[in-house]
Amino acid sequence: MSDDRSATDRGVLYATTPIFYVNAEPHIGHAYTTILVDVATRYRRLAGDDVYFLTGTDEHGENIQKAADAAGTSPQEYTDRVAGAFRAAWDRLGIGYDAFIRTTEERHKKVVREVLQRVYDQGDIVYGEYGGLYCVRCERYYTEKELTEDGLCPQHEIAPEYRSEANYFFRMEKYRPWLRERLETNPDLIRPAGYRSEVLSMLKEPIGDLSISRPRSRVPWGIPLPWDEDHVTYVWFDALINYYSAVASEGLEDRYWPHVEHFIAKDIVKPHGVFWPTMLKAAGIPLFQHLNVHGYWLVEDRKMSKSLGNVVRPLELAERYGNDAFRYFLLRDMTFGLDASFHEVGLVDRVNADLANDLGNLLNRTLGMLGKYRDGRVPPFGPDVAGAGALRDRFLDLPDRVVEQVARLQFDRAVAGTMDAVRAANKFVSESEPWSLAKDPEAAGRLDTVLRTCLEALRCASVLLDPVMPAKMAELRHQLGMPGTAPTLDDAKRWDGLAEGSATRKGDPLFPRIDRAALEAAIEVEAPAESEDEAGGAAPVAFEPKPEIDIETFAACDLRVGTVTACEAHPKADRLLVLTVQVGTETRTIVSGIRAHYDPEELVGRTVVVVANLKPVKLRGIESQGMVLSAEGPDGRLSLLSLDRAAPPGSEVR
Ligand code: MSP
């Protein structure tokens, strides 16, 4: 790894996920936060920073005890099993965590007891009676204002129960003015800003003291208080300390604690935004750097829950669509801080459009042409070709931009920016027409430039997308003929990263197209003939008009301007091409019987006219979501309709 910065100016990051409860198997929400932190830490590693990534499991408390009882096992056996399932899931999803902490580990319990004792000794923990509305699932008390209009827990939509207990209390209220001040003077502490405001408004009124113990007679599954063994530590007090115990128990607190950033979803803002900072203050431990809060994944626009039966299992998706494609989708389709809705069809469309078409197609066509024209070997740059310099500048601008966007948690934009550059590379191919250059011996140098430009674009894209899709990007670099060493950000800042004359290794498509129709399963029309969707026009002689229609009938046909963003041969039919067409904001896959008439490469970037509301049909296993219009000339050659003046994709054709 080339890192020319000195050890002192090397950035440091200690990033954490929540530690997940072990009373459920991992679902897409748990996977999202964990993949997000994996991606964030991989970007920082790419930049050469010193990174520590912690995840783990939250294993104490009433709920876990109940889940173990229900499973007919001891809590220890039960937590061992589910914690194992979490670890296995993260391994399967390619998560490169550095440490996994379980709250039942001795190293954690020891630190929890030390922190408790310290806070108790200084008089910030007192004994008292408390009564209030308690959600057993959240394991916390709620004030009436925090409940829903119907008086239910906002997370679980169940009625809280009234509880009163003699407990130990942490004097949280005492630290409220301090916390308010910290948030006011440190606007970035909790981000995005909406969640900071949420916490600030919680702090406008007294927050009360926090009950931090449970009677051991009722909840034996917990850490006994060091000064009173009849009580165990409240699960949140125990759990939050994991972030510190994980590094303190390994002697890493000096190195990493000053750089700690927590990543959570909006459900646990209060414990992290109010309990945790006040606990740290009381314990004399410096505050975290940032609390980064993301939104919720909804499922088909509804909250995900066991009772609705709509829990999305990440491993199944990774299995079905490929792990890296799944990771890409999660990062690309959620804006940090906002909710996003998961639709499986949306995942398929995203993967087909961006990965199978844009990125996969650039790799395929580049290596295809390289094989055909240059024996698969990396050519030198030749004389300048229009657009090549602009494309190089565009790629070389990306690394700094991506690093900045990742620092601002704009993962979706970082990924989208890189994919836009990939699309520009496809456009460059169509505009520079390497297939025409190949026919002209005088243009050999320019053909070299075009091919080499595409190869460098692919190499740079593979570096910038490596944190999101580490396995596939390594495969891409393998196909480019590169050695298997891990890339660095500097690799994306040069335009001469491939060795001239080295052999590429064209392989299977990186991202095979996913059959969207199979998912919808509604329309299962197998094409009787490959050219079924061709617009067949007869010679202008024997023109027999079809039955008359009125203007409304014509208007029912939605004709639109489209731009071909990718195109490849149909894998199962030698007369069909599979086009990816941008129609307004939509991306359509259109199968068309024009393969005998057009090279896939020459269509990318072209304007076409699309029938946009045609019922989708499956043509040799690929769903065609529309039709491109063409006319047949006297020699039987098809000619695609285009416009003689520019109109943006999506414009209506009337
Ligand atoms: N054990 C506590 C956290 C203690 S941290 C000191 C807990 N566990 S949990 O298993 O319920 O995990 C909550 C976290 O899971 C969320 O903050 C988020 O990271 C993730 N998600 C759970 N459901 C989610 C969605 N539907 N969408 C996105 N992330 C979600 O709370």
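Residues numbered from 1 in each chain as written. Predicted model: local features only at pLDDT ≥ 70, side-chain atom pairs only at ≥ 80, totals over all residues. Heavy atoms only, no water.

S.K.: Is there a simple way to explain the overall build of the chain in this structure?
M.R.: Counting its regular elements, the chain contains 21 helices and 24 strands. Along the first, second and third principal axes, the C-alpha set of the chain runs to 100 × 65 × 45 Å. Taking all contacts inside the chain whose residues are at least 6 apart in sequence as the whole, residues at least 24 apart take part in 76%. Summing over all exposed atoms, the chain offers an accessible surface of approximately 28,300 Å²; the carbon and sulfur share of this is 50%. Where the 78 positive side-chain charges of the chain centre and where its 101 negative ones centre are 2 Å apart. (Helix = DSSP H or I, 4+ residues; strand = E, 2+ residues; numbered from the N terminus. Contact = heavy atoms within 4.5 Å. Areas by Shrake-Rupley, 256 points an atom, 1.4 Å probe, with all protein chains shown as cover. Lys, Arg positive; Asp, Glu negative; His and termini not counted. Charge placed at Lys NZ, Arg CZ, Asp CG, Glu CD.)

S.K.: Any chance you could explain the site of the ligand here in plain terms?
M.R.: Contacts to the ligand come from 23 residues, most closely from Ile19, Thr33, Asp58, Asp267 and Trp297. Within the side chain of histidine 30, a nitrogen or oxygen atom sits 3.4 Å from an oxygen atom of the ligand. Contact distances for the ligand include 2.6 Å between an oxygen atom and a side-chain N or O atom of threonine 33. Across the complex, the protein chains shield 94% of the 670 Å² of accessible surface that the ligand would expose by itself. Where the shell around the ligand is concerned, the elements lending two or more residues are strand 1 (12-21), helix 1 (28-46), helix 7 (235-240) and helix 8 (242-248). For the shell around the ligand, the element with the highest residue contribution is strand 1, accounting for 4 residues. Here the residues of the shell around the ligand sort into 13 nonpolar, 8 polar and 2 charged. (Near = heavy atom within 4 Å. Polar contact = N/O pair within 3.5 Å; in protein donor to acceptor, adjacent residues only side chain to side chain. Nonpolar A, V, L, I, M, F, W, Y, C, P; charged D, E, K, R; others polar.)

S.K.: Sorry, what's going on with the pairing of strand 3 (residues 99-102) here?
M.R.: Two faces make up the sheet, and in a regular strand the side chains alternate between them. In strand 3, alternate side chains face the same way, and those of Ala99 and Ile101 on one face and Phe100 and Arg102 on the other are all buried. Note that strand 2 (residues 50-58) and strand 3 share 4 bridges and pair parallel. From the neighbouring strand, leucine 54 faces strand 3, where its bridge partner is alanine 99. (Buried < 20%, exposed > 50% of the residue type's maximum accessible area, 1.4 Å probe, protein only. Pairing = 2+ DSSP bridges.)

S.K.: Would you take a moment to explain the domain arrangement of the chain for this structure?
M.R.: Accessible area lost on assembly of the parts is the figure often given for the size of an interface. Considered domain by domain, the chain is made up of domain 1 (7-333), domain 2 (343-493) and domain 3 (551-640). Taking only C-alpha atoms, the centre of domain 1 and the centre of domain 3 are 51 Å apart. (Domains from an automatic or database assignment.)

S.K.: Can you help me understand helix 14 (residues 388-407) in this one?
M.R.: Counting along an α-helix, one turn takes 3.6 residues, and residues three or four places apart therefore face a common direction. In this model helix 14 runs 30 Å from its N-terminal to its C-terminal C-alpha over 20 residues, within 8% of the 28 Å that 1.5 Å per residue would give. Buried residues in helix 14 make contact with helix 1, helix 15 (411-432) and helix 17 (444-464). (Expected span 1.5 Å × (residues − 1).)

S.K.: Explanation requested: the environment of glutamate 404 in the structure shown.
M.R.: Along the polypeptide, glutamate 404 turns up in helix 14. A residue is classified by how much of its surface remains accessible, and glutamate 404, at 43% relative accessible area, is partly exposed. The spatial distance from the C-alpha of glutamate 404 to the C-alpha of glutamine 122 is 43 Å, given a sequence separation of 282 residues.

S.K.: What should I look at first to understand the sheet that holds strand 5 (residues 140-142) in this one?
M.R.: Strand pairing in a sheet relies on backbone hydrogen bonds, with the paired strands running either antiparallel or parallel. In spatial order, the strands read 5-4-6-8; together these 4 strands make up an open sheet with antiparallel pairing. Each edge of the sheet is formed by a strand with only one pairing partner; in this case those strands are strand 5 and strand 8 (210-211).

S.K.: Sorry, what's going on with helix 1 here?
M.R.: Between its terminal C-alpha atoms helix 1 stretches 26 Å, which fits the 27 Å expected from 19 residues at 1.5 Å a residue. For helix 1, the tally of buried residues reaches 15 of 19 residues, placing the bulk of the element in the interior. Among the residues trailing helix 1, glycine 48 stands out with phi positive, at a value near 90°.

S.K.: What is the right way to look at the sheet that holds strand 18 (residues 586-592) in this model?
M.R.: Overall, antiparallel pairing links the 5 strands, which are arranged 18-17-16-19-22 in an open sheet. Bordering the open sheet on either side are strand 18 and strand 22 (627-628), each of which pairs with just one other strand. Bridge count between strand 16 (residues 559-569) and strand 19 (residues 607-611): 5 bridges; the pairing is antiparallel. Paired with arginine 560 across the two strands is valine 610, which belongs to strand 19. The sheet contacts of helix 13 (residues 344-374) involve strand 16, strand 17 (577-583) and strand 18, and relative to strand 16 the element is tilted by about 50°. (Axes fitted to C-alpha atoms, helices over the stretch in contact; angles between N-to-C directions.)

S.K.: Honestly, the nonpolar core in this entry has me stumped. Any pointers?
M.R.: In a soluble, globular protein the nonpolar side chains are often hidden away together inside. In terms of nonpolar packing, the biggest core is built from 105 residues, with Trp90, Leu359 and Phe395 touching the most fellow members. Broken down by element, the residue count for this core peaks at 11 residues, all from helix 17. When residues of this core are assigned to domains, at least three fall in each of domain 1 (7-333) and domain 2 (343-493). Non-local contacts of tryptophan 90, meaning those with residues more than four positions away in its chain, are made with Phe20, Pro26, His30, Ala31, Thr34, Thr55, Ile95, Tyr97 and Phe100. Tyr14, Ala99, Ile212 and Val269 belong to the second-largest nonpolar core, a separate cluster that totals 61 residues. (Core = buried A, V, L, I, M, F, W, Y, C linked by side-chain atoms within 4.5 Å.)

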